[in-house]
Amino acid sequence: MKKKILFWLEDHYYHFGIAKSFHDLNEYEISAIISSTPSAKKFYLEQNLIEFKKSWFLRDSINLNKKNYDIEFLKDFEKKYDFSIWKFVSGERFFNNYSRYHNFNRNEILSIVEQEIKLYEKILTEVNPDYLVIRIPEFQDIDLLYRMCQKLKIKTLILDYTRFGYRCLINSKPDSVIDFKTSSIPKNLKSFEELRNHIKEYSTQHSVAISNRRGSKKNILKAGLKFLLSNETMEFQNFYQNINKTKFNVLFKESNLIRQRTQRKSFIDKNFLKSFGNEYPFVFFPLHFEPEQTLLIKTPYFTNQIEVITNIAKSLPIEYTLLVKEHPAMRLSGWRKISDYQKILDIPNVKIIHPSIPNEVIIPKSSLVITISGTSGLEAAFYNKPSIVFTDVIYSNLSSVSLLQNWNNLSQMILKSLKIKVDLSELNQYVNHIESISFPFDSWGLEQESDDLFSFGGYLTGSKITVKSMTKFLEKNHSVFELLVNEHIKKFENL
């Protein structure tokens, strides 16, 4: 019998490419949950590239006008899946403070979640998949499916990041802790500087791809005109992330965002440090980009970063200052409120570093790096600096990384961590192991290519996709999708 794979497909199309390559092997039964815009839905209805055994259009299956819910059903679901719904929905940016167009109430949230649960249970019963293949879950709809499959012991494969630039791996759990200590330690150990240079080779291409994301003003203009002239507005809003996202509201909010971005950037340039010396010892805390999965879903109890900074500042030895750095990608969200920056600046032993200052300048001068779940804790190790994280991350098995489990222990943990030195042989072992289980894949570059081809650079998803354009995309990247399928198959064999 053919193994059955359930795919999650949407408006970034490399998972469609993976599904197509699996389909062409003629060894698997392919089904799909499709979350797509109205424009992209037309493609899925017309395409003959993949013959799905079963498929569902997620957005057609959820009635946003339904406001009632069955509390007994939800209580039974929590018991059955050992699952806290309120903790779960707190990680959905559109249900919380990050929604720019609609404020969701209790009834709306629970009605949507209940409908999704019933749909997924129906799908999983009908398909009975051997494998679920998805991207990293960052919104509640895909995260709910992932969590249900985990509880039901359905083998899940996620295209995940190693935090080494463009090297990726297939994981069953995003950012799961790597057990590398059974691997052999390389005989010829690289120095810290050699390791930094080695890893930088992976990061340079990755950084270029990220900096090029949605960078074209021409694409913004084209996407804006297409949206304003589109007659799909009502159907477009038939998705919880797009409620009240009318043409007028988009124009108003985007113009307001431009004004806010200018004002906030002016405040940043006037008040944030652009240089610093060695006049005082400091601990480094880089702010997370908001909203993002690694903060909202991975660490739901640490989403108030101002509160986190305040607690770290309270816990520092008297001679230390806390240097906080704004995330440079926050420009995409219009930066944070000036009042938030002022709250941080008002803390006596805290200073904020300008987002233009790279971590590679800051970390070598620091004594300790503290991050909620960011890559800077791993970067610290390459500069022989200890770090503290607030949740398990891919690199948290390194002996120089300490996991905070109780706020009351933070002062003692900081004092202990300040004395830790990085084990160079262990770091070599970690790098060697990550390279052995990962593969080169420029996910950001392929996603940008997909966005440029189908979505005006990502500003209007799915608006330009046709069978012809998709065929061209698949043929051009055939070797990439072949690599990804082979890596998934390797993981099948190890699950």
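Residues numbered from 1 in each chain as written. Predicted model: local features only at pLDDT ≥ 70, side-chain atom pairs only at ≥ 80, totals over all residues. Heavy atoms only, no water.

Draft legend 1. Layout of the sheet that holds strand 9 (residues 350-353). Strands sit in the order 9-8-7-10-11-12 across an open sheet of six strands; the sheet is parallel. One side of each edge strand has no neighbouring strand; the edge strands of this open sheet are strand 9 and strand 12 (401-403). Neighbour-to-neighbour, the strand axes of this sheet turn through a mean angle of 25 degrees, independent of strand direction. In this structure, strand 8 (residues 321-325) lies alongside strand 9, joined through four bridges in parallel fashion. The residue of strand 9 that forms the bridge with Val-324 is Ile-352. (Pairing = 2+ DSSP bridges. Helix = DSSP H or I, 4+ residues; strand = E, 2+ residues; numbered from the N terminus. Axes fitted to C-alpha atoms, helices over the stretch in contact; angles between N-to-C directions.)

Draft legend 2. Structural detail: unusual backbone geometry. Residue Glu-290 is joined to Pro-291 through a cis peptide bond whose omega torsion reads -5 degrees. Unusually for a residue other than glycine, Lys-153 sits at a positive phi of about 65 degrees. Considering the arrangement of structural elements, one finds Lys-153 in the loop between helix 7 (140-151) and strand 5 (155-161). At Arg-163, a position not held by glycine, the phi torsion is positive, near 75 degrees. Residue Arg-163 is classed as buried on the basis of its relative accessible area, which comes to 16%. (Buried < 20%, exposed > 50% of the residue type's maximum accessible area, 1.4 Å probe, protein only.)

Draft legend 3. Local environment of the pattern of salt bridges. Scanning the model with the defined rule gives 21 salt bridges in all. Across the pair Glu-10 and Arg-135 runs a salt bridge, and its minimum N-O distance is 2.0 Å. Of this pair, Glu-10 sits in the loop between strand 1 (3-9) and helix 1 (14-25) while Arg-135 sits in the loop between strand 4 (131-134) and helix 7, and the two are 125 residues apart along the sequence. Note on accessibility: Glu-10 and Arg-135 belong to one class, buried. (Salt bridge = Lys/Arg side-chain N within 4 Å of Asp/Glu carboxyl O.)

Draft legend 4. Spatial organisation of the packing of helix 4 (residues 71-81) against helix 7. The contact between helix 4 and helix 7 brings their axes to 10 Å, and the two run at 50 degrees. Compared by their axis directions, helix 4 and helix 7 come out oblique. Packed against helix 4, whose contacting residues are Phe-77, Lys-80 and Tyr-81, the element helix 7 presents Leu-144, Met-148 and Lys-151 at the interface. Residue composition of the contact of helix 4 with helix 7, grouped by class: four nonpolar, no polar and two charged. (Parallel < 35°, antiparallel > 145°, perpendicular 65-115°, else oblique. Contact = heavy atoms within 4.5 Å. Nonpolar A, V, L, I, M, F, W, Y, C, P; charged D, E, K, R; others polar.)

Draft legend 5. Broad picture of helix 19 (residues 443-454). A rise of 1.5 Å per residue sets the reference length of helix 19, with its 12 residues, at 16 Å; its end C-alpha atoms lie 16 Å apart and thus fit the reference within 8%. What helix 19 keeps buried is the set Ser-443, Leu-446, Glu-447, Gln-448, Ser-450, Asp-451 and Phe-454. The elements touched by buried residues of helix 19 are helix 1, strand 5, helix 20 (467-476) and helix 21 (478-494). (Expected span 1.5 Å × (residues − 1).)

Draft legend 6. Representation of the nonpolar core in the model. Within the largest apolar cluster, 43 residues are counted, with the highest numbers of intra-cluster contacts made by Tyr-120 and Tyr-240. When residues of this core are assigned to their parent elements, the largest contribution, 10 residues, is made by helix 6 (residues 106-127). The contacts of Tyr-120, once residues within four sequence positions are left out, are Trp-8, Ile-33, Leu-58, Asp-141, Ile-142, Leu-144, Leu-145 and Met-148. (Core = buried A, V, L, I, M, F, W, Y, C linked by side-chain atoms within 4.5 Å.)

Draft legend 7. Structural context of the packing of helix 13 (residues 305-315) against helix 17 (residues 410-417). Between helix 13 and helix 17, the least distance of the axes is 8 Å, while the angle of their chain directions is 65 degrees. Taken together, the axis directions place helix 13 and helix 17 in an arrangement best described as roughly perpendicular. Like other packed secondary-structure pairs, helix 13 and helix 17 cross with a definite hand, here right-handed. Side by side, helix 13 and helix 17 meet where Asn-311, Ile-312 and Ser-315 of the first sit next to Leu-410, Ser-411 and Ile-414 of the second. For the contact of helix 13 with helix 17, the residue count by class is three nonpolar, three polar and no charged. (Left-handed = near helix turned anticlockwise from the far one by under 90°.)

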